[in-house]
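Listed here are the chains, written in short residue letters.
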Amino acid sequence: MSARIFSPAKTAMQSGKAKTGLWVLEFDPETPRKIDPLMGYTSSRDMKSQIRLTFETKDEAIAYAEKNAISYRVQEPKETKRRQISYSDNFRYDRRTPWTH
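It should be emphasised that the depicted structure is a prediction, and the values quoted were computed from it without experimental measurement.

Chemist: Account for the overall build of the protein, naming residues and giving values.
Modeler: Tallying secondary structure elements over the protein gives one helix and six strands in all. Relative to a compact globule of 101 residues, whose C-alpha radius of gyration would be 13 Å, the protein shows 22 Å and is clearly more extended. Structurally, the protein occupies a C-alpha span of about 60 × 45 × 20 Å along its principal axes. Counting every position in the protein, which comprises 101 residues, the buried fraction comes to 17%.

So this is what it looks like as structure tokens:
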């Protein structure tokens, strides 16, 4: 039984950073998923794949995994890069790309 500890990134539908500071422990699948031939549903007999535990800090998630003898790997979150752009730059006379409309 192994698990992955990570901090989820914001979804494409989010403009803010709500619920992105939490850390999640998810179990790795032990059996592959299979497709039902009649309905086409994807199913799995692995019940641990449905478990998703959230923690406030990375240390709490690691402590839980060690306490319950779960082998784990930690995926560090990537740093977000924000470009500082000014609204007035849209109307500069020396733009790199010409104004098209």
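Chemist: Please provide a residue-by-residue account of the sheet that holds strand β1 (residues 2–6), values included.
Modeler: Strand order in the open sheet formed by four strands is β5-β2-β1-β6, and the pairing between neighbours is mixed. Edge positions in the sheet fall to β5 (52–55) and β6 (71–75), since each has one partner strand and no second. Between one strand axis and the next, the sheet turns by 25° as a mean value, whatever way the strands run. For strand β2 (residues 23–27) and β5, the ladder comprises four bridges, and the chain directions are antiparallel. Across the sheet, E26 pairs through a bridge with R52, a residue of β5. Where helix α1 (residues 58–67) meets the sheet, it contacts β1, β2, β5 and β6, and its direction lies at approximately 165° from that of β6.

Chemist: So what's going on with the pattern of salt bridges? Which residues, and what values?
Modeler: Under the counting rule described, the total for this entry stands at five salt bridges. Linking E26 and R4 is a salt bridge whose minimum nitrogen-to-oxygen distance equals 3.2 Å. Of this pair, E26 sits in strand β2 while R4 sits in strand β1, and the two are 22 residues apart along the sequence. Classification of R4 as partly exposed rests on a relative accessible area of 22%. In this structure, E30 engages K48 in a salt bridge whose closest nitrogen and oxygen atoms are separated by 3.9 Å. Here E30, found in the loop between β2 and β3 (34–35), pairs with K48, found in the loop between β4 (42–43) and β5; they are 18 residues apart in sequence, far enough to count as distant. The network of salt bridges with common partners includes R4, E26 and R52.

Chemist: Explain the pairing of β1 to me, and be specific about the residues and the numbers.
Modeler: Regular strands show a simple pattern: their side chains alternate between the two faces of the sheet. Here β1 runs beside β6; their pairing, made up of five bridges, is parallel. The residue of β6 that forms the bridge with R4 is R73. Relative to β2, β1 runs antiparallel, the two being bridged by four bridges. From the neighbouring strand, F6 faces β2, where its bridge partner is V24.

Chemist: Go over the confidence of the model for the protein with me, naming the residues and quoting the values.
Modeler: The predicted structure's coordinates, where accompanied by low pLDDT, should not be read in detail. Residues at a pLDDT of 70 or more form 95% of the protein, whose mean pLDDT is 86. Across the protein, α1 holds the top mean pLDDT of 96, while β4 sits lowest at 88.

Chemist: Let's hear about the side chain of D46: which residues, and what values?
Modeler: Turning to its location among the elements, D46 is positioned in the loop between β4 and β5. Within the structure, D46 has its side chain in polar contact with the backbone nitrogen of E30 (distance 3.0 Å). A distance of 3.4 Å separates a polar side-chain atom of D46 from the backbone nitrogen of K48.

Conventions and cut-offs
- Residues numbered from 1 in each chain as written.
- Predicted model: local features only at pLDDT ≥ 70, side-chain atom pairs only at ≥ 80, totals over all residues.
- Heavy atoms only, no water.
- Helix = DSSP H or I, 4+ residues; strand = E, 2+ residues; numbered from the N terminus.
- Rg over C-alpha atoms; globule rule 2.2 N^0.38 Å.
- Buried < 20%, exposed > 50% of the residue type's maximum accessible area, 1.4 Å probe, protein only.
- Pairing = 2+ DSSP bridges.
- Axes fitted to C-alpha atoms, helices over the stretch in contact; angles between N-to-C directions.
- Contact = heavy atoms within 4.5 Å.
- Salt bridge = Lys/Arg side-chain N within 4 Å of Asp/Glu carboxyl O.
- pLDDT = per-residue confidence, 0-100.
- Polar contact = N/O pair within 3.5 Å; in protein donor to acceptor, adjacent residues only side chain to side chain.

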